[in-house]
Amino acid sequence: TGYDLVQLFIGSEGTLGVIARATLKTMPAPTARQTACLALSGFDDALQVLTLLRRRLPQQIAAFEIMWDDFLGAVKRWIPVPFPFDPVPPLAALIDVAGNDDETLLQALEEALTEGMERGWIGDVARLTAGQQAPWRWAKRSPAPCHLSRRAPPVALKQHIAFWEGELTKSEWF
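Residues numbered from 1 in each chain as written. Predicted model: local features only at pLDDT ≥ 70, side-chain atom pairs only at ≥ 80, totals over all residues. Heavy atoms only, no water.

Peer 1: Requested: an account of unusual backbone geometry, with residues and values cited.
Peer 2: For the bond from Asp86 to Pro87, the omega torsion is 5°, close enough to zero to count as cis. If you trace the backbone, Pro87 turns up in the loop between α3 (69-78) and β3 (91-99). (Helix = DSSP H or I, 4+ residues; strand = E, 2+ residues; numbered from the N terminus.)

Next up, the structure:
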């Protein structure tokens, strides 16, 4: 108990002293990456799948994004890209896992997703590779809300679109 001197020093913004030396421990960037899109029936299933992945792939989940059907339908309608599932599921999760060995990472991901399917949490899985489903990889998926706000689709995404309309003025995408 008592004062946290480290936080006090950091929070002083240099008024209590100057940092003369700092040591950072860095980890090498992962060399293996696997991406998958999952068809889910609801938010509870998404939480179960995330919990499963955290248990089966500790320290390897790079991203886990869920997308509701209204968003997926709008993307499918307004952006001409192939979608891995037809019909659009109630919820989809786009996941990215990273590690240092492609085969080990792929095997661990497949085992986790198989368990999720056996438990009924995952309806379908589309594994995305560099050449497959390229528009649905992270780099192409990220600007989708900007395309949606530019074309103003008639869907219930008003708050999401309002946010991105403000961001459009800051970007150089268009």
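Peer 1: So what's going on with the side chain of Glu115? Residues and values would help.
Peer 2: Tracing the sequence through the fold places Glu115 in helix α4 (residues 102-118). Polar contacts involving the side chain of Glu115 include one to the side chain of Arg56, which spans 2.3 Å. (Polar contact = N/O pair within 3.5 Å; in protein donor to acceptor, adjacent residues only side chain to side chain.)

Peer 1: Any chance you could break down α4 for me, citing the residues and the numbers?
Peer 2: Between its first and last C-alpha atoms α4 spans 24 Å; for 17 residues at 1.5 Å apiece the expected length is 24 Å, and the two agree. In this structure, the buried side of α4 is in contact with β1 (32-40), α2 (43-56), β3 and β4 (122-128). The first or second residue beyond α4 is Gly120, which carries a positive phi of 85°. (Expected span 1.5 Å × (residues − 1). Contact = heavy atoms within 4.5 Å.)

Peer 1: Tell me what's going on with the confidence of the model for the protein chain, and back it up with residues and numbers.
Peer 2: Residues shown with low pLDDT carry predicted positions that ought not to be read at fine detail. Mean pLDDT over the protein chain works out to 76, with 72% of the residues at or above the 70 mark. Under a pLDDT of 50 for its full length, residues 130-136 has, in the predicted model, 21 contacts with residues more than four places off or in other chains. Low pLDDT, under 50, characterises residues 150-174; the stretch is placed with 30 contacts to residues that sit more than four places away or in other chains. (pLDDT = per-residue confidence, 0-100.)

Peer 1: Quick rundown of the nonpolar core? Include the residues and the values.
Peer 2: Core analysis: the largest hydrophobic core is formed by 20 residues, its most contacted members being Leu38, Leu40, Val49, Leu53, Ile95, Leu109 and Leu113. Contributing elements (two or more residues each) for this core: β1, α2, β3 and α4. For Leu38, the residues in contact, after removing those within four places along its chain, are Val49, Phe85, Leu91, Ala92, Ala93, Ile95, Leu113, Ile122, Asp124 and Val125. Membership of the second largest hydrophobic core comes to 13 residues, among which are Phe71, Val75, Ala92 and Leu94. (Core = buried A, V, L, I, M, F, W, Y, C linked by side-chain atoms within 4.5 Å. Buried < 20%, exposed > 50% of the residue type's maximum accessible area, 1.4 Å probe, protein only.)

Peer 1: Can you break down the pattern of salt bridges residue by residue, with the values?
Peer 2: One pass over the structure, following the stated rule, counts 5 salt bridges. Across the pair Glu111 and Arg56 runs a salt bridge whose closest N-O atoms are separated by 3.5 Å. Residue Glu111 is found in helix α4, and its partner Arg56 is found in helix α2; the two are separated by 55 residues along the sequence. Under the relative-accessibility criterion, Glu111 is labelled partly exposed at 37%. Taking relative accessible area as the criterion, Arg56 reaches 29% and is therefore assigned partly exposed. In this structure, Glu115 and Arg119 form a salt bridge, with 3.0 Å as the shortest nitrogen-oxygen distance. Judged by relative accessible area, Glu115 falls into the buried class, the value being 13%. A cluster of three or more residues bridged by salt bridges with shared partners is formed by Arg55, Arg56, Glu111, Glu115 and Arg119. (Salt bridge = Lys/Arg side-chain N within 4 Å of Asp/Glu carboxyl O.)

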